[in-house]
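Letter by letter, the chains look like this.
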Amino acid sequence: MSLNKTVACPLDCYDACEAIIVNGKIRGNKEHFPTNGNLCANFISCTKEDYLKNAYFENKKISLQESLDILISKLKDIEPKNTLFYKGSGNLGVMQSSLKSFFAKYGSILTKGSLCDGGGGHGISLNRQEVINPPIEKLQEADVIIVWGRNFSVTSSHMYELVKDKTFITIDPIKTHIAKNSELHLSLNPKTDYELALLLTRFAYMQDLEDEDFCSKFNSSEDFFELAKSRSVLSYEEATGVSLEDVNRFFEIIENKKVALVLGLGVQKYYEGANITRCIDSFAAFLGLHNDKKHSGVWYLSNSKYGYESQFESNTLNKKEKVTEVDFSKYDLVFIQGANPVVSSPNTQRVIDGLKNTFVVFMGTTYNDTCKYANLIIPSCSFLQKSDVRLSYGHQYKAISNKVQEVNENSISEYDLTKYLFDSFSFDGLKDEDKILEYYINKKVESYVFDNFEFIDDIEINHLYEEKLDNEFYFITAKKKKNLNSSFKIDNYLYLNPKTGFKNEDNVTLTSKYGKANFIVKLTEDVKENCVLCYAGNKNANYITPYFSDESSSSAMYQEVLVSIDLS
């Protein structure tokens with residue numbers, strides 16, 4: 001390793017840590033404001049020698065050059081329209097997008113939609129055009145932070161450290177780590193977030209907490225308030241499971257305080273996820289959280305590339321498949337980059353069946369569950385062996401990653417593979433790597449200021465609580481410390497409330513109309529009696545989830561499902 005160079009965490013999380021090399025060792029960078037000299041558990045895990053060794057896939061039987069020769073031969077023998085390019089977010093950085101530019105030019109089918117934040121982002125964009133967070137310094141100015149559907153202290157540990165002395169209100173069906181450290185926890189029923197937002201809007205109006213200055217600029221605020229009045233207060237209380245006493249306490253805490261709202265993925269993992277998120281954002285606007293003279297704004301997963309021009313050409317005419325509904329078996333070749341669809345995509349059995357019936361090329365840094373079905377593996381070099389720029393979707397700061405190790409002879413960076421493919425097919429249009437990096441490093445982006453807001457004025461929801469039978473449960477997923485999606489310390493347990501009547505270590509079968517899977521039970525009071533909880537990365541969880549897309553953003557809806565439980 002070299003001295004005095006920065007490296008950026010490649011992992012898919014809000015904080016986008018930046019570290020520095022000191023005497024050959026990775027240390028937190030005090031000069032990078034969000035990181036502030038600290039490294040989170042996941043960043044530390046991805047720098048360990050045993051993790052990095054996996055990058056070379058030591059069980060691989062052929063050389064890198066032999067793999068590249070096979071890939072080129074296959075691509076030249078197959079009709080481009082019979083190939084699929086499938087990119088994940090296992091490793092982030094602007095240079096990771098280079099490969100898509102080749103497959104777009106080549107003529108592959110691409111994917112659209114999201115397995116992560118797509119529904120919520122679409123909903124917010126309908127309100128305010130862009131999904132952009134305020135400067136992180138605005139969050140620091142807040143007196144009270146409302147954490148809605150996000151385990152903030154776990155998923156955003158660096159951001160949390162900057163504001164951990166604030167007063168928190170948590171809205172979540174699960175008693176998360178942040179909920180346990182909050183002044184108030186509103187434990188609502190799943191998929192009733194929009195109803196709680198409408199109930200809170202009514203109370204805000206009754207207590208004269210409406211931001212008249214902000215709302216008066218946009219006529220749609222009146223229609224939104226009429227929507228909030230469309231049901232009785234008692235019906236809202238019954239649906240959400242949140243008491244009016246707790247609602248009153250909510251407003252006591254925020255009264256005369258500067259408030260921010262930190263919104264997570266949990267609220268939008270449903271068919272109508274975009275409108276559910278949009279409704280929450282409309283409540284925030286009604287309360288005045290977007291008025292930075294009074295409050296501190298709303299945070300979601302920001303568009304990290306806002307203000308930047310893409311440095312990679314992309315053919316917009318490519319046909320695209322919804323990422324949740326992809327049938328891998330339709331294609332003669334599937335190229336998977338930095339993804340683990342066998343664990344992370346909905347309806348696992350369907351994914352496996354599809355992968356078994358096509359030629360799978362996998363490129364990534366670690367051997368994962370999807371690699372078991374790969375016909376060809378191209379090891380990507382680690383983040384220490386290539387230069388990149390990490391743009392954050394949690395805050396406005398970028399992290400710079402320098403090459404500090406030599407590339408192993410049997411691995412290759414995404415950009416170098418892209419260049420190799422461009423040259424092999426005599427394609428032009430790929431910019432020089434150094435010039436691309438220079439652009440992202442030096443580009444200054446102005447803060448986004450929206451001059452229009454379109455409050456939601458109508459919402460139709462398929463109510464899971466009206467469909468739920470007495471022996472059925474809501475299915476909930478969440479993030480966990482020392483685990484990032486399907487990486488690191490995976491937790492495969494099914495979490496139930498003790499009142500369900502099951503016991504610790506019971507072997508049970510979870511069944512939905514989409515499939516079934518076996519689990520071992522762990523009991524916890526943190527889960528509501530009418531819910532079951534699986535943490536992200538659970539290898540069995542997606543056997544029971546629907547592979548259909550949500551109503552408006554071609555994105556996943558993991559929690560749009562009811563399940564029954566039987567002893568195995």
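These figures come from a predicted structure and were not determined experimentally.

Another point: the overall build of the chain. A tally of regular secondary structure across the chain gives 20 helices and 24 strands. Taking all 568 residues of the chain together, 58% fall into the buried category. If you take every contact in the chain between residues at least 6 apart in sequence, the share linking residues at least 24 apart comes to 76%. For the chain, the accessible area works out to roughly 23600 Å², and carbon and sulfur atoms hold 43% of it.

Side chains of K100, K112, K305, K320 and K322 sit close together on the surface and give a patch of like positive charge. Within the fold, K100 resides in helix α4 (residues 98–106). By relative accessible area, which is 31% here, K100 ends up partly exposed.

Moving on to helix α17 (residues 348–355). Residues separated by three or four positions in an α-helix point in the same direction, a consequence of the helix having 3.6 residues per turn. Burial in α17 covers these residues: T348, V351, I352, G354 and L355. Down the axis of α17, the buried set is contained in an arc of 165 degrees. They therefore lie on one face. On its buried side, α17 packs onto β12 (333–337), α16 (341–344) and β13 (359–364).

Take the confidence of the model for the chain next. With 95% of its residues at a pLDDT of 70 or more, the chain shows a mean pLDDT of 92. This model gives residues 50–56 a pLDDT under 50, and the stretch forms 20 contacts once residues within four places in sequence are excluded.

Taken together, the 4 strands give an open sheet; going across it, the order is β4-β12-β13-β14, and neighbouring strands pair in parallel fashion. Each of the sheet's edge strands pairs with one partner strand only, and the pair in question is β4 (83–87) and β14 (376–379). Each strand of the sheet is rotated relative to its neighbour by a mean of 15 degrees, with strand direction disregarded. With 5 bridges joining them, β12 and β13 adopt parallel strand pairing. Counterpart to L333 in the pairing with β13 is F359.

Turning our eyes to something else, we now look at the packing of aromatic side chains. Applying the stated criterion to the full structure yields 37 aromatic pairs. With centroids separated by 5.6 Å and ring planes inclined at 35 degrees, the aromatic side chains of F102 and F427 adopt a geometry described as tilted. One end of the pair, F102, is in helix α4; the other, F427, is in the loop between α18 (414–424) and α19 (433–442), and 325 residues separate them in sequence. A relative accessible area of 0% places F102 in the buried class. Residue class for F427 comes out partly exposed when judged on its relative accessible area of 24%. The ring of F359 has K74 lying over it, and the distance from NZ or CZ to the ring centre is 4.4 Å. If you follow R350 out to its NZ or CZ, it ends over the ring of Y547, 3.9 Å from the centre.

Right, let's talk about the nonpolar core for a bit. Of all hydrophobic cores here, the largest spans 86 residues; its most connected members are L139, W148, F152 and F250. Once residues lying within four places of it in the same chain are set aside, the contact partners of L139 are I145, F152, M159, V163, K166, A260, V262 and W299. Core analysis: the next-biggest nonpolar cluster, separate from the first, contains 25 residues, I78, L333, I412 and F422 among them.

What follows is about the packing of helix α10 (residues 193–206) against helix α15 (residues 273–287). If you want to describe how two helices pack, look at the angle between their axes and the distance between the axes. With their axes 8 Å apart at the nearest point, α10 and α15 run at an angle of 15 degrees to one another. Between α10 and α15, the interaxial angle falls into the category roughly parallel. Judged by the twist between their axes, the crossing of α10 over α15 is left-handed. Where α10 approaches α15, its residues D193, Y194, A197, L198, L200, T201, A204 and Y205 are matched on the opposing element by I276, C279, I280, F283, F286 and L287. Residue composition of the contact of α10 with α15, by class: 12 nonpolar, 1 polar and 1 charged.

Two strands in a sheet stick together by hydrogen bonds in their backbones, pointing the same way (parallel) or opposite ways (antiparallel). The strand order across the open sheet built from 5 strands is β8-β7-β6-β9-β10, with neighbouring strands paired in parallel fashion. A single partner strand is all that each edge strand has here, and the edge strands are β8 (184–186) and β10 (297–299). The average undirected angle you get between the axes of adjacent strands in this sheet is 20 degrees. Inspection of the sheet shows strand β9 (residues 259–263) paired to β10 by 3 bridges, in the parallel sense.

Right, let's talk about the pattern of salt bridges for a bit. Pairing is possible between side chains of opposite charge, provided their charged atoms come close. All chains considered together, the criterion is met by 19 salt bridges. The shortest N-O distance in the salt bridge between E183 and R249 comes to 2.8 Å. Linking E183 in the loop between α9 (177–180) and β8 with R249 in helix α14 (residues 244–254), this pair joins segments that are 66 residues apart in sequence. Its relative accessible area of 46% is what places E183 among the partly exposed residues. Residue E560 pairs with K191 through a salt bridge whose shortest N-O separation is 2.9 Å. Residue E560 is found in the loop between β23 (531–535) and β24 (562–567), and its partner K191 is found in the loop between β8 and α10; the two are separated by 369 residues along the sequence. What makes K191 buried here is its relative accessible area of 2%. When salt bridges with common partners are traced through the structure, they connect K138, E141 and K258 into a single cluster.

Further remarks concern helix α3 (residues 64–77). Given a rise of 1.5 Å per residue, 14 residues ought to cover 20 Å, and the 20 Å separating the end C-alpha atoms of α3 matches this to within 8%. Within α3, burial applies to L64, S67, L68, L71, I72 and L75. Down the axis of α3, the sector holding all buried residues measures 135 degrees, keeping them to one side. Opposite the buried face of α3, by more than 90 degrees, sit the exposed residues K76 and D77.

In this fold, T477 is placed in strand β17 (residues 472–478). Take T477: its relative accessible area is 18%, and that puts it in the buried class. A polar contact is formed between the side chain of T477 and the side chain of K269, at a distance of 2.7 Å. Discounting residues that sit within four places of it in the chain, T477 has contacts with K269, L533, C534 and Q559.

The rules behind each value
- Residues numbered from 1 in each chain as written.
- Predicted model: local features only at pLDDT ≥ 70, side-chain atom pairs only at ≥ 80, totals over all residues.
- Heavy atoms only, no water.
- Helix = DSSP H or I, 4+ residues; strand = E, 2+ residues; numbered from the N terminus.
- Buried < 20%, exposed > 50% of the residue type's maximum accessible area, 1.4 Å probe, protein only.
- Contact = heavy atoms within 4.5 Å.
- Areas by Shrake-Rupley, 256 points an atom, 1.4 Å probe, with all protein chains shown as cover.
- Patch = residues over 30% accessible without salt bridge, like charges linked within 9 Å, V, L, I, M, F, W, Y side chains within 5 Å.
- Salt bridge = Lys/Arg side-chain N within 4 Å of Asp/Glu carboxyl O.
- Lys, Arg positive; Asp, Glu negative; His and termini not counted.
- Charge placed at Lys NZ, Arg CZ, Asp CG, Glu CD.
- Arc of directions from axis to C-beta.
- pLDDT = per-residue confidence, 0-100.
- Pairing = 2+ DSSP bridges.
- Axes fitted to C-alpha atoms, helices over the stretch in contact; angles between N-to-C directions.
- Phe/Tyr/Trp six-rings, centres within 6.5 Å; stacked < 30°, edge-to-face > 60°.
- Lys NZ or Arg CZ within 6 Å of the ring centre and 35° of its normal.
- Core = buried A, V, L, I, M, F, W, Y, C linked by side-chain atoms within 4.5 Å.
- Parallel < 35°, antiparallel > 145°, perpendicular 65-115°, else oblique.
- Left-handed = near helix turned anticlockwise from the far one by under 90°.
- Nonpolar A, V, L, I, M, F, W, Y, C, P; charged D, E, K, R; others polar.
- Expected span 1.5 Å × (residues − 1).
- Polar contact = N/O pair within 3.5 Å; in protein donor to acceptor, adjacent residues only side chain to side chain.

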